[in-house]
Every structure is written in C-alpha cells, then in structure tokens.
Amino acid sequence: MTWAPSERELERQAVRRRLRLQQTAIATVVTVVVAVGLVLLVVSSPGWDRVRDYFLSWSHARDSFAAIAEGFWINIRIFLVAEPCVLVLGALVAIARQTTSPWLAPLRLLATGYTDLFRGIPSIMVVVICGIGIPALGLSGVTSSLFWLTTFALVLCYGAYVAEVFRAGILAIHPTQVASAEALALTRAQTMRFVVLPQAVRRVVPPLMNDLVSLQKDTALISAVGVFEALRAAQDYQGYNFNGTPLLVAAAYFLVVAVPLTRLTDWLMRRQIEKEQGR
Amino acid sequence: MTATVSGLLEAKALRKSYRGRVVLDGLDLVVAEHDVVCLIGASGSGKSTLLRCLNLLETIDDGIIRFDGREISDPLVDPRSVRREIGMVFQAYNLFPHLSVLDNCTLAQVRVHGVPAGEAADRARALLARFGLADKADAHPDALSGGQQQRVALVRAMCTRPRLLLLDEITAALDPELVGEVLEIVRAEAEAGTTLVLATHEMSFAREVATKVCFLDGGRVLEQGPPEQLFGDPVEERTRAFLARVRS
Ligand SMILES: Nc1ncnc2c1ncn2[C@@H]1O[C@H](COP(=O)(O)OP(=O)(O)OP(=O)(O)O)[C@@H](O)[C@H]1O
Ligand SMILES: [Mg+2]
C-alpha cells in the first residue's frame, strides 16, 4: 500500500535537481552578465552625466510624485471602464463576423467595416475627433465630458483589434469540435457560447493581454485633448522645472500596473492547462 | 542485478500516478527482439499510459526502463535519441491536420532521419499502397475515414523504420477484412525484424499476432504467456473472469 521511492528513483531525483540547479545557475550568470554589460554601456557613454541629471533626479522625482499620481488615477479609471467594454465589444464583433444567417448580412458587413476602419486609423486621431468633434456637434443628450468621450474613442479603437484577436482564436478551433457540438443538437449560438468561445479565448489570452496592456498605455493619448492624466502631468512638471525625471516616474506607474497583470494571467493560464492535462 | 533475460525493452517496477491516482504500480515487462507483445486489460487499466511511459512521453514516478541495454529512464538520456528508434501510433491517431497524408509520413523521415525528400516520399507511397491508401497520399487527414486515418497513423510510424513499434488500438476503427490485412502487415513487419508492443481489445487479433500476451490489472502485469496458454488456460482467476467477460 505505502510506497517509498526506490534508491534508483532517489538518485534520479537528485540528478534532476542537479540539472535544474545547473540550468538556474547558467540562466542567472547569463542574465547578470548581459544586464551588467548593458548598464556599463549606458553609464560609460559620453553624455551619461547630462542624461542622469536630466532624467534621474531624486528631488524632482519626489516633488512630481503626487501630481503624477493624481493624473494616473484618471488613466486607471479610463482603463477600468474601457477594458471590459473592449472585451465585450471585441467578442461581439468577432462573433458577428462568424455568423452565417442571411438575415444577419448587414451586421456582418457592419462588423467587417468597423474593424477595417478602426484598425486603420491612428488611435490618437480617433481620440481627437471624438474629444473635440462630438461636443462640437452640439447634440443634446450627448455628454461633453472629455473623460467619457475619450474612453469611448479608445474602446472603439481597441474593440477593433481585440475583435480580430478573438476571430483568430475562433478560426483556430478544429472543425471537429463544431461537428461534435452540432451532433449533440446544440444550436449554432450554443456551439459558439459553450464549445468554441471558451477554447478560443484560452488560446488568445497572450495576444489579448498584449492589447489590454497596450490600451492601458494608450490611455496617455487622451492628453492630446488636454486631459490632465499622468503623462500630461509629467510633461507639465517637465516644462516648468526643465527636468525630465517625472517622465520616468510616470513610466514607472504604468509598469507597476502592467507587469503584475501579465504575470498574473500567465500564472492563471498555466494552472488551467495543468488542471486539464491532469498533471 | 538480473541482467540475464535482457530483452530489447525492459521495464522494471514501473510506477506512474496522476495526482496521487496510481495507474501503474510496480509493473514489470520484458520485450525480446522480434517479439510481438499484446497488452490486454480492462478499459482504464493503463495500457495507453504504459505505452506513453515506454517512449518517455510521460515521466515515470519510479522504476527502470531499459532499451537495447541502456537505461532510458535516466534523466541524462536525451529522449529524442530514444524516440528516433521507437515508433508510436496513438489511440486517437494524432495526425497533423495541416499536412497532407504524404507530408505526415515524410516529416520525421526528412527532418529527423535526414532521408532525402524524394526517397522519403517513395517509401511513404509504397507503404500507403500496401495499406490500400495509394490514392489518398495528397488528401488531408480530416478528409479521411476513421479507419483510413488509423492506417495513415500506422504508416507514419512505420516510415522511419523504427526498431520498436508501440501501437495503441490500431484495429479499433477497422472492418474485419482490414483487420486481417493489418494483421498481415504487422506480422510481416515483425518477421522483417521490428519488435512490436500493442495494446488491444481484440482478443482474436492478439491471439493471431502475439508471441506473448500480457494481462494488465491493478497497475501490473498480472499474468503473461504465449497466446495459447493465456487464452486457453489462464492461471489467475481475474484473467479468467476478464476473458469470460470479453468473450461473451
Ligand atoms: N493525463 C491524465 N491525467 C489523469 N489521469 C489519467 C491521465 N491519463 C490517463 N489517466 C488515467 O489513467 C488510467 C489509465 O488510462 P489509460 O489511458 O492508460 O487506459 P487504457 O488501458 O489505455 O484504457 P483504454 O483501453 O480505454 O484505452 C485511467 O483511469 C485514466 O483515467
Ligand atoms: Mg488506451
């Protein structure tokens, strides 16, 4: 009943441990060498002193910290609102493009036109057009809040990217999956909802994260219409004090959100795969 | 310690578990050169798992696997060097859907074994013809019937002329006539010098083709012997019960 690993197995485990250790050691040494080399290269460059004074000033970092934090809170809010909207819009557009019913032909056309259009226009133009153009129309009942207008613009842009990511995932599902769902008499919508989409979404999580992190960065584009978010706050400080450190502070804010998010999804995905394969 | 009856392939005290669920529990198996070993046993008894362990697709928890005198369960052994000489046909075929039948069969020949493309294609076509698939070389796997896919999987594995073939349920999707033909080919393959280990639910197939039949139960080989003996006069009660069930 009780099982204890044999001597040979213990030996093998020791060998595996040694191999792992070896690999970790190699990885560490290579990483350190490369990192140190890069740092030395930068630090030894002729203009390094000037760059350091301009971008790495501790006192300026401290002084601008609070103002940029306030701006970054706007970025976060836009991101939090836009992200779910982008996912929903992207999924809906992708599904719309996969429909086959003749009644839905206009919808397919609309979805295709939408992706083509908004993938093709630089996001900053969409932001400017929405932020300035829509209020200028003077329509009653339409918000003139720059926050909502620019969020809307970003959702439009990223919805188009994300729709294509979803569509790629849907197309990658083997047709036998659809066949076996249909053989169970599931409707096309049910097949999509319960069989195809769940598998498709899992496959596209990494590129999806790409777009979401990119969206998070592009919230800085709203500074183009004068919203005082993190980048704008940093530039403002830079303009007054002739020091670029706040730009790095702002960059750090973006990183602090993006990196853990990516690590978290990586980890979730790996756990899911392990669960399915029963390891 | 007991290197006396050393076969081509030898598994000793093999153990494999999935998340605490023990599937193989101290299994011993010896496959001599030119042997045709049939693994039989209830569904879920671990036949496929055993085959996957033998060509190192699964890491075993304990035990030793020796191939051609070398311990291949050693972590320092490069699994690819082992798999070059071991062919495998999966229970679910696992053909590459993006490649034509011919490309499925030539991929490893060309990329792994360095066979010139023309020669690889000739060999594949010859084997396909032997299996009655001459006209399917340019089709894609999804356009084939289940039985055709199964035979393509067999051709793909045989193309690289492995010393040992691991075959998982290669007759499950075939009609009786085709089973007969595959049986002929498997036999010819064995006579030509290939060693085979196959998992099967078809007792008549096992009886015809095997030099040794192993009955898997409770994670080990409960009973083994030449087919006449194992099917004719099994010793173990559980073997008898299993055979009675599948025969009725
Ligand atoms: N990846 C896995 N994760 C968890 N359990 C597994 C995994 N693969 C196999 N098993 C379990 O191991 C046991 C043996 O499976 P295996 O596929 O080897 O059976 P088998 O003898 O080939 O059966 P069959 O005759 O139906 O093909 C089963 O109970 C199965 O549930
Ligand atoms: Mg099996």
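Think of each chain on its own: its residues are numbered from 1, step by step along the sequence as written. Each chain is given a letter, starting from A, and each ligand a number, starting from 1, according to the order in which they appear as written. Reporting of local features is limited, given that this is a predicted model, to residues whose pLDDT is at least 70; pairs of side-chain atoms are given and counted only at 80 or more, and all residues count toward the totals for whole chains, interfaces and linings. With hydrogens and water stripped out, all remaining heavy atoms of the structure feed into the side-chain values.

## Digging into the overall build of chain A
So, step 1. Helix and strand labels come from DSSP, where a helix needs a run of H or I of at least four residues and a strand needs a run of E of at least two; each type is numbered from the N terminus. Broken down by element type, chain A carries eleven helices and zero strands.
So, step 2. In sequence order, chain A lays out its α and β elements as α-α-α-α-α-α-α-α-α-α-α.
So, step 3. Every radius of gyration here is taken over C-alpha atoms, with the globule rule written as 2.2 Å times N^0.38, N being the number of residues. Taken over the C-alpha trace, chain A has a radius of gyration of 25 Å; the compact-globule value for 279 residues is 19 Å, which it surpasses by more than 25%.
So, step 4. Across the 279 residues of chain A, 34% fall into the buried class.
So, step 5. We call two residues contacting when some pair of their heavy atoms lies within 4.5 Å. Looking at chain A alone, contacts between residues at least 24 apart form 76% of all its contacts between residues at least 6 apart.
So, step 6. Averaging the locations of the 25 positively and 18 negatively charged side chains of chain A gives two centres separated by 7 Å. Throughout, exposure labels follow a simple rule: accessible area from a 1.4 Å probe, protein chains only, divided by the maximum for the residue type, with under 20% read as buried, over 50% as exposed, and the rest as partly exposed. All tallies of charge rest on Lys and Arg as positive and Asp and Glu as negative; His and the ends of each chain are not included. In plain terms, the charge of a residue is placed at NZ if it is Lys, CZ if Arg, CG if Asp and CD if Glu.

## Quick word on the UniProt feature "domain: ABC transporter" (unreviewed entry) in chain B
So, step 1. Sites flagged by UniProt as "domain: ABC transporter" (unreviewed entry) map to residues 9-243 of chain B.
So, step 2. As annotated, residues 9-243 of chain B has a helix share of 37% and a strand share of 26%, and its two end C-alpha atoms lie 27 Å apart. UniProt positions are given in the numbering used here, feature names are shortened, and annotations may be inferred rather than shown by experiment.

## Looking at the pattern of salt bridges
So, step 1. Should a side-chain nitrogen of Lys or Arg be within 4 Å of a carboxyl oxygen of Asp or Glu, the pair is scored as a salt bridge. With the rule as written, the count across this model stands at 26 salt bridges over all chains.
So, step 2. A salt bridge links Glu71(B) to Arg8(A); the nearest nitrogen and oxygen atoms lie 2.8 Å apart. Of this pair, Glu71(B) sits in strand β5 (residues 70-71) while Arg8(A) sits in helix α1 (residues 7-43), on two different chains.
So, step 3. In this structure Glu71(B) comes out as buried when scored by relative accessible area, which is 18%.
So, step 4. Among the salt bridges present, the one from Arg80(B) reaches Asp78(B), with a minimum N-O distance of 3.7 Å.
So, step 5. Here the salt bridges do not stand alone but share partners, grouping Arg8(A), Glu9(A), Glu11(A), Arg12(A), Arg16(A), Glu71(B) and Asp74(B) into one network.

## Comments concerning the domain arrangement of chain A
By a widespread convention, an interface's size corresponds to the accessible area lost as its parts come together.
So, step 1. Domain boundaries in chain A define domain 1 (1-38) and domain 2 (60-277).
So, step 2. A straight line from the C-alpha centre of domain 1 of chain A to that of domain 2 of chain A covers 40 Å. In this document the domain limits rely on a domain assignment from an automatic tool or a database.

## Side note on the packing of helix α3 (residues 58-98) of chain A against helix α9 (residues 205-218) of chain A
Residue and element names in this part refer to chain A.
So, step 1. Axis angles are defined between N-to-C directions and span 0 to 180 degrees, where every axis is a line fitted to C-alpha atoms and, for a helix, only to the segment in contact. Contact pair α3 / α9: the axes reach a minimum separation of 10 Å and the direction vectors enclose 145°. Seen from above, α3 lies across α9 with right-handed handedness. Each of Phe-79, Ala-82, Glu-83, Val-86 and Leu-87 in α3 lies in contact with α9, whose residues at this interface are Leu-208, Leu-212, Leu-215 and Gln-216.
So, step 2. Residue polarity follows a fixed list, in which Ala, Val, Leu, Ile, Met, Phe, Trp, Tyr, Cys and Pro are nonpolar, Asp, Glu, Lys and Arg are charged, and the others, Gly among them, are polar. For the contact of α3 with α9, the class distribution of residues is seven nonpolar, one polar and one charged. Put simply, a crossing is left-handed when the front helix is turned counterclockwise from the back one by less than a right angle, and right-handed when it is turned clockwise.

## Comments concerning the nonpolar core
As a rule of thumb, nonpolar side chains are buried together in soluble globular proteins.
So, step 1. The term nonpolar core refers to a set of buried residues drawn from Ala, Val, Leu, Ile, Met, Phe, Trp, Tyr and Cys, joined through side-chain atoms within 4.5 Å. In this structure, Ile40(B), Phe131(B), Ile170(B) and Leu198(B) are the most contacted members of the largest nonpolar core, which totals 48 residues.
So, step 2. The leading source of residues in this core is helix α6 (residues 176-191) of chain B, at seven residues.
So, step 3. With residues up to four places along the chain from it excluded, the contact list for Ile40(B) reads Lys47(B), Thr200(B), Met203(B), Val213(B), Cys214(B), Phe215(B), Leu216(B), Leu230(B), Phe231(B), Phe242(B) and Leu243(B).
So, step 4. If you look at the next biggest cluster of nonpolar residues, it comprises 46 residues, including Ile78(A), Val86(A), Ala96(A) and Val127(A).

## What to know about the site of ligand 1
So, step 1. Around ligand 1 lies a shell of 17 residues, among which Ser43(B), Lys47(B), Ser48(B), Thr49(B) and His201(B) are the nearest.
So, step 2. Residues lining ligand 1 come from chains A and B.
So, step 3. Polar contacts, as used here, are pairs of N or O atoms within 3.5 Å; protein pairs need one atom able to donate a hydrogen and one able to accept it. Residues neighboring in sequence count only if both atoms are side-chain atoms. For ligand 1, an oxygen atom lies 2.9 Å from a polar atom in the backbone of Gly46(B).
So, step 4. For accessible areas, the Shrake-Rupley method is used with a probe of radius 1.4 Å. Any residue's cover is judged against the shown protein chains and nothing else. Protein coverage of the free-state accessible area of ligand 1, which is 640 Å², stands at 72%. Whether a residue is near a molecule or strand depends on its heavy atoms: if one lies within 4 Å, it is near.

## Observations regarding the coordination of the magnesium ion (ligand 2)
All names here are of chain B.
So, step 1. Note that water is not among the atoms considered, so a metal site may appear incomplete; the donors listed are N, O and S atoms within 2.8 Å of the metal, with 3.2 Å applied to Na, K and Ca. Protein coordination of the magnesium ion (ligand 2) is provided by Ser-48 (OG) and Gln-91 (OE1), with donor distances spanning 1.9 to 2.3 Å. One end of the pair, Ser-48, is in helix α1 (residues 47-54); the other, Gln-91, is in the loop between β6 (86-89) and α3 (101-111), with 43 residues separating them in the sequence.
So, step 2. Accessibility expressed as a relative area gives 18% for Ser-48, which makes it buried.

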